[in-house]
Amino acid sequence: MTRSGAHIFDPPPFVPLPDNVFNRQTHPSWHDAYARCTRLFFWAVGRQPPPGTASYDMCSRVLGHLILEAPTESGRDWVCKKILSCTDEHTLARLAQKYIFTFVGAFKASAGRSLSSGRESTLSSPGGEVTSHEGKKLLVLKRDACRCVITGALDPSFATDTVVTNTRLAATEATPIIPSSIDIRTLSRYAGFSTDDPLCDRAPSFYRVENLLTLDSDASCEFRSLNVWLEETDRIDEYQVVTWHPSTLPGSRRYAAIAFTTTDPVSRPVPAMHYLRLHAACARVAHKSGAATYIDALARDITRLTVLAEDGSSAGVLAAALSRIAGI
């Protein structure tokens, strides 16, 4: 597990999965599913995937790291069952392609879905519960002392003359840990959420205080893009800040570790540990497999290929990219 001060680099092409660490006697499905992922890697040699899709070796790494990084044993059971149900390597690769967008692309698609800071009025239900997005945002800001929990930047809307000196100021956002752009039904099974978890409701609200973090715009962008995540320490409600590259929020601009506290656990609960675990697992899968680079390149291609070549040579790549992004 990568800790604060270390960084995960996207693997170069054709880097195999780590050795199978699962005991076939105690966990046969885990062992056999992981073995299928490693066989897919060697089956990929010399084979080219359809245009616009991920390479077969990346598909191998995505599925393998989904097994390795599963937040819970029930989640590992679930993803192994999906892998073992595939009848051949082509079906297995299609499952991996789907999961690249389910577990990585959907998080990256959440860009811009945060709540900006400000002193909006707080709306309450008759029972006193805050129901508006703006009200939830203010509760999160108060819980997080009006600062970005990763960089420590103070929101200027709440700055006073006594704290401005030597304090970095930056507008903050209430950023969802688990965004509404994801397929919560699939990810909740992978994460092992209980059936009564609020995000598993028929009409879930993603703007719950326990699913929100106060982040400045840079930290919010990197967090939503899975380039920054939080990993648990041995202390309750304390997390280490992990980045995938040294240039992602350099250490001089972020905390090494953060501890969440609250004086009102009912109205202002600390971030839910199982939400942060799921976000961190998806971030590690994204970078250890190389899927993060693939999604970013695909997004750039969609932006760049606004005019197709006259001979239609780029049509296949663009059509495949658009169809996959549309399916997120």
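Preceding this section is the structure that the text describes.
If you're wondering where the values come from, they're calculated on a predicted model, not measured in any experiment.

Novice: With reference to specific residues and values, describe the packing of aromatic side chains.
Specialist: Geometry of an aromatic ring pair is reported as the spacing of the ring centres plus the angle between the planes. Evaluation of the coordinates by the stated rule reveals 10 aromatic pairs. Taking the centre distance of 5.8 Å and the plane angle of 75° together, the rings of F22 and W30 count as edge-to-face. The burial state of F22 is the same as that of W30; both residues are buried. Aromatic ring contacts, followed pair by pair, group W78, Y99, F103 and Y190 into a single cluster. In this structure, R76 packs its charged tip against the face of W30, placed 4.8 Å from the ring centre.

Novice: Talk me through a positive patch on the surface; I want residue IDs and the actual numbers.
Specialist: Among the surface-exposed residues, K81, K82, K98, R185 and R189 lie close enough to one another that they form a single positively charged patch. Put simply, the parts of the chain that give the positive patch at least two residues each are helix 3 (73-84) and helix 7 (184-191). Position of R185 among the secondary structure elements: in helix 7.

Novice: How would you sum up the sheet that holds strand 6 (residues 257-259)? Please name residues and give values.
Specialist: Here we have 3 strands laid out as an open sheet, ordered 4-5-6, and antiparallel in their pairing. In this open sheet, the two edge strands, each paired with only one partner strand, are strand 4 (228-232) and strand 6. On average, adjacent strands in this sheet sit at an angle of 35° to one another, irrespective of strand direction. Of the strand pairs in this sheet, strand 5 (residues 238-243) and strand 6 are connected by 3 bridges, and their pairing is antiparallel. In the sheet register, Y239 faces strand 6, and the bridge partner there is I258. Running at roughly 125° to strand 4, helix 9 (residues 273-289) makes contact with strand 4 and strand 5 of the sheet.

Novice: Describe helix 7, and please don't skip the residues or the numbers.
Specialist: Because an α-helix packs 3.6 residues into every turn, residues spaced three or four apart end up facing the same way. Counting buried residues along helix 7, 6 of its 8 residues qualify, which places the element largely inside the surrounding structure. What helix 7 keeps buried is the set I184, T186, L187, S188, Y190 and A191. In this structure, the buried residues of helix 7 make contact with helix 2 (56-68), helix 3, helix 4 (89-108) and helix 9. Just downstream of helix 7 lies G192, where phi reads positive at about 75°.

Novice: How would you sum up the environment of V140? Please name residues and give values.
Specialist: For V140, the position within the fold is in helix 5 (residues 133-143). A residue is classified by how much of its surface remains accessible, and V140, at 0% relative accessible area, is buried. For the pair formed by V140 and A174, sequence separation is 34 residues and the distance between their alpha carbons is 7.0 Å. With sequence-adjacent residues up to four places away left out, V140 is seen in contact with V209, L212, L213 and T214.

Novice: Outline the packing of helix 2 against helix 4, supporting the account with residue identities and numerical values.
Specialist: At a minimum axis separation of 9 Å, helix 2 and helix 4 run at an interaxial angle of 65°. The angle between helix 2 and helix 4 falls in the class roughly perpendicular. Note on packing geometry: the crossing formed by helix 2 with helix 4 is left-handed. Residues Y56, M58, C59, V62, L63 and L66 of helix 2 form the contact with helix 4, whose participating residues are H90, L92, A93, L95, A96, Q97, Y99, I100 and F103. For the contact of helix 2 with helix 4, a count of residues per class yields 13 nonpolar, 2 polar and no charged.

Novice: Lay out the environment of R284 with the relevant residues and their values.
Specialist: Structurally, R284 can be placed in helix 9. A C-alpha to C-alpha distance of 7.3 Å links R284 and E69, two positions 215 residues apart in sequence. Within polar-contact distance, the side chain of R284 engages the side chain of E231 at 2.9 Å.

Conventions we followed
In this numbering scheme, every chain counts its residues from 1 along its sequence in written order. The model is predicted, so local features are restricted to residues of pLDDT at least 70 and side-chain atom pairs to those at 80 or more, both for listing and for counting; the totals for chains, interfaces and linings are taken over all residues. Calculated side-chain values reflect all of the structure's heavy atoms, with hydrogen atoms and water omitted. Any Phe, Tyr or Trp ring, taking Trp's six-membered ring, that has another such ring centre within 6.5 Å forms a pair; planes under 30 degrees apart are called stacked, those over 60 apart edge-to-face, and the others tilted. The buried label goes to any residue with under 20% of its type's maximum accessible area, the exposed label to any with over 50%, and the partly exposed label to all in between, with areas taken from a 1.4 Å probe on protein chains only. As a reminder, the over-ring test applies to NZ of lysine and CZ of arginine, requiring each to be within 6 Å of the ring centre and within 35 degrees of the ring normal. Patch rule: a residue counts if its relative accessible area is over 30% and it has no salt bridge; like charges are joined within 9 Å, and nonpolar side chains (Val, Leu, Ile, Met, Phe, Trp, Tyr) within 5 Å. Shrake-Rupley sampling with a 1.4 Å probe provides the accessible areas, and residues are treated as covered by the protein chains on show and by no other component. Salt-bridge detection follows one rule: a side-chain nitrogen of Lys or Arg within 4 Å of a carboxyl oxygen of Asp or Glu. Only four residue types enter the tally: Lys and Arg on the positive side, Asp and Glu on the negative side; His and the chain ends are excluded. By convention, the charge on Lys lies at NZ, on Arg at CZ, on Asp at CG and on Glu at CD. The secondary structure listing takes helices from DSSP runs of H or I that are at least 4 residues long and strands from runs of E that are at least 2 residues long, numbered from the N terminus. One requirement defines pairing of two strands: DSSP has to find at least two bridges between them. Here an axis means a line fitted to C-alpha atoms, over the contact stretch when the element is a helix, while the angle between two N-to-C directions is reported on a 0 to 180 degree scale. Note on definitions: a residue-residue contact is assigned when non-hydrogen atoms from the two residues lie within 4.5 Å. Each angle gets one of four labels, with under 35 degrees taken as roughly parallel, over 145 as roughly antiparallel, 65 to 115 as roughly perpendicular, and the rest as oblique. By the definition used in this description, the sense in which the near helix is turned from the far one sets the handedness, with an anticlockwise turn below a right angle giving left-handed and a clockwise turn giving right-handed. Ten residue types, Ala, Val, Leu, Ile, Met, Phe, Trp, Tyr, Cys and Pro, are classed as nonpolar, four, Asp, Glu, Lys and Arg, as charged, and the remainder, Gly among them, as polar. Under the rule applied, a polar contact is a pair of N or O atoms within 3.5 Å (in protein, one hydrogen donor and one hydrogen acceptor; residues adjacent in sequence only if both atoms are side-chain atoms).

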